[in-house]
Every structure is written in structure tokens, then in C-alpha cells.
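# Understanding the architecture of this molecule
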Amino acid sequence: MAQTIAAQLDKTLNDFERNVPHVQATAVVSTDGLVIASRLPSDVEEDRIGAMGAAILSISTRSGRELERGEMVRVLIEGTEGYILIRSVGEYAILVALVEKEVRLGLLFYEAKKCIQLLREIL
Amino acid sequence: MADIKQVVLERNLNPYHSFFSSFFAGLAELGMINQGSINIVSKRAAEYLYSYLEAKEILPDLGAVPGDTPTEVAKNLILYINKILSLVGEYDFKDAEDGMAVLMIAGNTCRICPKGVGGAEVKGTLCPIPTLIENLVNRIAQKDLLELVTSGIEKEGSTCKAYFKVLN
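Given the structure is predicted, the values throughout are model-derived calculations rather than measurements. (Residues numbered from 1 in each chain as written. Chains lettered and ligands numbered in written order. Predicted model: local features only at pLDDT ≥ 70, side-chain atom pairs only at ≥ 80, totals over all residues. Heavy atoms only, no water.)

What follows is about the confidence of the model for chain A. When pLDDT is averaged across chain A, the result is 94; 98% of the residues are at 70 or more. Mean pLDDT across the elements of chain A bottoms out in helix α2 (residues 46–66) of chain A (92) and peaks in strand β3 (residues 75–78) of chain A (97). (pLDDT = per-residue confidence, 0-100. Helix = DSSP H or I, 4+ residues; strand = E, 2+ residues; numbered from the N terminus.)

Have a look at this one:
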């Protein structure tokens with residue numbers, strides 16, 4: 001039996017988290033900041049992740065264009081305790097990942113790219 | 001965007017409507033706000049507005065709010081909120097299927113739309129009304145009367161709709 005879209009999204013996010021050690025949480029949100037699917041710890045407010053992730057990507061995309069840096073590839077926010085990775089998934093969705101400091105960035109970027117391809121197929 | 005003069009006159013805007021809608025339109029065009037963030041800040045605004053109404057001593061007497069059903073009570077509270085804030089011109093709030101109620105707003109009478117009034121040229125919706133109504137009605141009713149089901153507003157032609165679960 002075919003899986004629901006929600007189940008397919010959840011599996012894709014789960015595989016991404018399994019393939020990249022130190023990924024703590026992931027979410028797929030719409031470009032208007034509403035959560036489509038998520039695997040977040042209970043202490044993380046899903047609505048805020050959605051709204052902020054979409055806003056950050058939107059501002060970054062606009063900044064990239066205004067400052068002639070071309071199309072946005074990814075946003076990586078580095079904090080003292082870890083990273084936030086935000087990438088566009090096509091025209092209407094965004095992948096947000098909360099990652100620990102110990103992550104291998106090369107692996108994170110590679111797997112994120114693969115994950116986005118799968119998410120695009122689902123959405 | 002429609003002619004500003006036409007929007008101002010046809011929708012009977014006051015200066016605060018103009019300020020609010022154009023201010024949020026600017027933020028949206030910079031990519032700083034979206035429907036998700038508007039939902040979050042509308043909840044905060046509802047709390048603030050409740051404190052404002054309390055401070056001004058203009059909260060309705062709950063015992064005197066007419067209505068035989070929870071939907072009718074909510075409808076009358078929405079009427080009160082709209083009188084105070086003058087959010088929209090034409091709207092209706094009525095029972096829908098599956099124990100839900102629907103708020104239907106004539107889009108061309110909304111006075112605070114960042115897109116239709118403020119002129120935001122962005123994709124998606126930017127409506128503060130559903131979350132504001134949900135939270136302010138519940139705050140005034142002092143119980144959970146409405147639970148927003150839609151994640152914002154849904155446009156159907158010229159009508160903007162938001163669905164709520166009506167709780168007893």
C-alpha cells in the first residue's frame with residue numbers, strides 16, 4: 001500500500017537524521033512559514049521553527065540577490081552549541097535542520113542535498 | 001495593487017489601518033514575516049489587546065453576551081472585537097460541517113490585509129485575523145471556545161475563510 005505523504009516525509013527526515021550523526025532535529029516547512037512535517041524534540045516549538053526558518057531563508061535569498069551573490073544555495077547559522085542548516089526544497093518548501101557542533105559539515109551538506117531531492121519528489 | 005485612494009475610500013480605512021497594513025507589507029516584502037510568524041505575533045497581540053480592554057474597562061460582561069450555542073456566543077464576541085478594532089466590513093461567522101464554524105470575510109472589505117490594503121507583493125497569505133480572533137475570543141470568554149483548524153486564511157474567490165473547531 002502506498003504511504004501517505006506525511007509518512008513519506010517522516011521517513012525521509014528520519015533517514016537523513018540516521019545518515020548524519022549529530023543531526024538533532026529536522027522540519028520541512030512551507031515558504032510561508034507553516035510546518036509540513038517535523039521531527040523535533042518536545043521542547044522545540046514547531047511553529048517558531050517554521051516561521052523563523054522561512055523568514056531566514058527568505059531574507060537570505062533576497063540579500064543574495066540584492067548584493068549580487070546569485071541564487072541562494074544554503075543558509076548555515078553557526079552558534080557556540082551547534083548549527084542551523086536551512087535549504088530550499090523547490091519553490092514552496094524549506095528544509096530546516098538543527099545540528100550539533102560535532103557534525104561533519106561535508107557529510108551534512110551531501111546528505112542534505114540527497115534529502116532535498118527526495119523531498120522534492122514527494123512534494 | 002489597486003489604487004490606494006480607491007482602497008482607502010471603499011474600505012473606509014482609518015490611519016491606523018493604513019499604517020498597520022503597509023508596515024506589515026513592507027516587512028513581508030523584505031522577507032521578514034510570513035503567515036507562520038504572523039500567527040505567532042497575532043497570539044501575542046491578542047494577549048496585549050485583552051490587557052488593553054481590561055485597562056479601559058470595556059470588556060463585555062460574559063453573563064450578558066447573548067447566544068444559545070457556543071457558536072452564537074463566539075459570533076457575538078467576534079462582533080464585539082470587530083466593533084473595537086474595525087478589522088473588516090462584511091463578514092459572517094456560522095456553523096459549518098463536523099462541529100466546526102467558519103469565519104467568512106468579504107476580502108474587498110478587509111481593512112488590515114497586508115496584501116489587499118498594504119500592497120505586499122508576496123506569495124501566500126499574510127492574515128492576522130484567524131489567530132487574533134481565536135486567541136482574543138478565548139481570552140475574553142475565559143475558556144477555550146474556539147480552536148483554529150486552518151493554519152491561516154484560505155482564499156476562495158473574493159472570500160477569505162478560516163475554520164474553527166467550536167468547543168463546549
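The next point concerns the interface of chain A and chain B. One frequent convention defines the size of an interface as the accessible area lost when the parts assemble. Chain A puts 13 residues into the contact, and the matching count from chain B is 14 residues. Measuring nitrogen to oxygen at the nearest pair gives 2.5 Å for the salt bridge that ties K123(B) to E91(A). Inspection of the chain A/chain B interface yields 5 residue pairs in polar contact (both at pLDDT 80 or more). Tallied by class, the residues present in the side of chain A that touches chain B amount to 5 nonpolar, 3 polar and 5 charged. (Contact = heavy atoms within 4.5 Å. Salt bridge = Lys/Arg side-chain N within 4 Å of Asp/Glu carboxyl O. Polar contact = N/O pair within 3.5 Å; in protein donor to acceptor, adjacent residues only side chain to side chain. Nonpolar A, V, L, I, M, F, W, Y, C, P; charged D, E, K, R; others polar.)

Time to look at the pairing of strand β2 (residues 35–39) of chain A. Residues and elements named next belong to chain A. Bridge analysis of strand β1 (residues 23–30) against β2 gives 4 bridges, and the strand direction is antiparallel. Along β2, the bridge assignment pairs V28 with A37. Counted between consecutive antiparallel strands, the loop separating β1 from β2 contains 4 residues, among which G33 sits at a positive phi close to 85°. (Pairing = 2+ DSSP bridges.)

What follows deals with the packing of helix α1 (residues 5–19) of chain A against helix α3 (residues 105–122) of chain A. Residues and elements named next belong to chain A. Remark: α1 packs on α3, axes separated minimally by 10 Å, with the N-to-C direction vectors making an angle of 170°. In terms of axis orientation, α1 runs roughly antiparallel to α3. Within the contact between the two elements, α1 uses I5, Q8, L9, T12, F16 and N19 and α3 uses L107, L108, E111, A112, C115, L118, L119 and I122. For the contact of α1 with α3, a count of residues per class yields 10 nonpolar, 3 polar and 1 charged. (Axes fitted to C-alpha atoms, helices over the stretch in contact; angles between N-to-C directions. Parallel < 35°, antiparallel > 145°, perpendicular 65-115°, else oblique.)

Counting residues in each nonpolar core, the largest one holds 34 residues, and the members touching the most others are I129(B) and I133(B). Taken together, the elements giving at least two residues each to this core come down to α3 (35–55), α4 (70–85), β2 (100–106), α5 (129–141), β3 (146–148) and β5 (159–166) of chain B. With 7 residues, α5(B) is the largest single contributor of residues to this core. With 21 residues, the next largest nonpolar core counts V89(A), A93(A), V99(A) and V103(A) among its residues. (Core = buried A, V, L, I, M, F, W, Y, C linked by side-chain atoms within 4.5 Å. Buried < 20%, exposed > 50% of the residue type's maximum accessible area, 1.4 Å probe, protein only.)

With that out of the way, let us pick up empty space enclosed by the protein. Residues and elements named next belong to chain B. This structure, assessed with the given rule, holds 2 cavities of 30 Å³ or more. Estimated volume of the largest cavity: approximately 50 Å³. Lining the largest cavity, in full, are I78, N82, L87, V88, Y91, L103, I105, I129 and I133. Mapped by element, the contributors of at least two residues to the lining of the largest cavity are α4, β2 and α5. Partitioned by chemical class, the residues of the lining of the largest cavity number 8 nonpolar, 1 polar and no charged. Surrounding the second largest cavity, L49, L53, Y80, I81, I84, L85 and L136 form its lining. Element by element, the count of residues in the lining of the second largest cavity is highest for α4, at 4 residues. By residue class, the composition of the lining of the second largest cavity is 7 nonpolar, no polar and no charged. (1 Å grid on protein atoms, 1.4 Å probe; cavity = no way out; pocket = protein on both sides within 12 Å on 5 of 7 lines; lining within 4 Å. Points joined across faces, edges and corners; volume = space filled by probe spheres on them.)

Next up on the list: unusual backbone geometry. Residue and element names in this part refer to chain B. Residue D98 is not a glycine yet carries a positive backbone phi of 55°. By the secondary structure assignment, D98 is in the loop between β1 (91–95) and β2. By relative accessible area, which is 73% here, D98 ends up exposed.

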